[in-house]
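Inside the fold
Spelled out, the chains give:
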Amino acid sequence: MIPDEEDFISKKLIFNFLTGESDGEKRYRVAAVTKRASFRVARSEPMEKQEAQLFLQDLEAKINTSSVRAVSIGDTLVMVEEIGHIDIEEEEGVK
């Protein structure tokens, strides 16, 4: 018996969703550049665009809270007063 093509594709999409795999989708990182002379950059882990947008919104909310002194971006703890710019960038090397 030949499997139904639509059923096969939907099962593959469900499997990819549950396992976290993607079909060559672009991945994004949230990056913060410091205002210091070194211009150090902190980057988050790769994620989907919507996740990156939500992460960026969460960071902006934390940064604009007076009681927060530092935020974690990826493996880096960045002092709020040192942040010069935060944005979303497309991960390099992904087609």
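First, a word on scope: everything that follows refers to the structure included in this document.

Analysis parameters
- Residues numbered from 1 in each chain as written.
- Predicted model: local features only at pLDDT ≥ 70, side-chain atom pairs only at ≥ 80, totals over all residues.
- Heavy atoms only, no water.
- Helix = DSSP H or I, 4+ residues; strand = E, 2+ residues; numbered from the N terminus.
- Buried < 20%, exposed > 50% of the residue type's maximum accessible area, 1.4 Å probe, protein only.
- Contact = heavy atoms within 4.5 Å.
- Pairing = 2+ DSSP bridges.
- Axes fitted to C-alpha atoms, helices over the stretch in contact; angles between N-to-C directions.
- Core = buried A, V, L, I, M, F, W, Y, C linked by side-chain atoms within 4.5 Å.
- Polar contact = N/O pair within 3.5 Å; in protein donor to acceptor, adjacent residues only side chain to side chain.
- Salt bridge = Lys/Arg side-chain N within 4 Å of Asp/Glu carboxyl O.

A word on the environment of Arg69
Its location among the elements puts Arg69 in the loop between α2 (49–63) and β3 (70–73). The exposure class assigned to Arg69 is exposed, which follows from its relative accessible area of 68%. For the pair Arg69 and Glu81, spaced 12 residues apart in sequence, the C-alpha separation works out to 7.4 Å. Not counting residues up to four positions away in its chain, the partners in contact with Arg69 are Val78, Met79 and Val80.

Here's the deal with the sheet that holds strand β2 (residues 41–43)
Spatially, the 3 strands line up as an open sheet ordered β2-β1-β5, and their pairing is antiparallel. The open sheet has two edge strands with one neighbour each: β2 and β5 (83–90). Going from strand to strand, the sheet's axes swing by 25 degrees on average, the running direction of each strand aside. The sheet contact formed by strand β1 (residues 28–34) and β5 spans 7 bridges and is antiparallel. Across the sheet, the residue bridging to Val30 is Ile88, located in β5.

Digging into the nonpolar core
Nonpolar side chains in soluble globular proteins tend to end up buried together. Residues Val30, Val71, Ile73 and Ile86 are the most contacted members of the largest nonpolar core, which totals 14 residues. Counting only elements with at least two residues in this core, the list comes to β1, α2, β3 and β5. Setting aside chain neighbours within four positions, we find Val71 in contact with Leu59, Lys62, Ile63, Thr76, Leu77, Val78, Val80 and Ile83.

A closer look at the side chain of Thr34
As for its position among the elements, Thr34 is in strand β1. According to the relative accessible area criterion, Thr34 is buried, its value standing at 5%. Those residues in contact with Thr34, other than ones at most four positions away along the chain, are Phe39, Arg40, Val78, Glu82, Ile83 and Gly84.

As for the side chain of Glu91
Summarising the element assignment, Glu91 is placed in the segment after β5. Polar side-chain contacts of Glu91 include one of 3.4 Å to the side chain of Arg29.

Details of the pattern of salt bridges
What the rule picks out here adds up to 4 salt bridges. Among the salt bridges present, the one from Glu91 reaches Arg29, with a minimum N-O distance of 3.4 Å. You can see Glu91 sitting in the segment after β5 and its partner Arg29 sitting in strand β1, a full 62 residues away along the chain. Arg43 is paired through a salt bridge with Glu89; the nearest N and O atoms lie 2.4 Å apart. Of this pair, Arg43 sits in strand β2 while Glu89 sits in strand β5, placing them 46 residues apart in sequence. The exposure class of Arg43 is partly exposed, given its relative accessible area of 41%.

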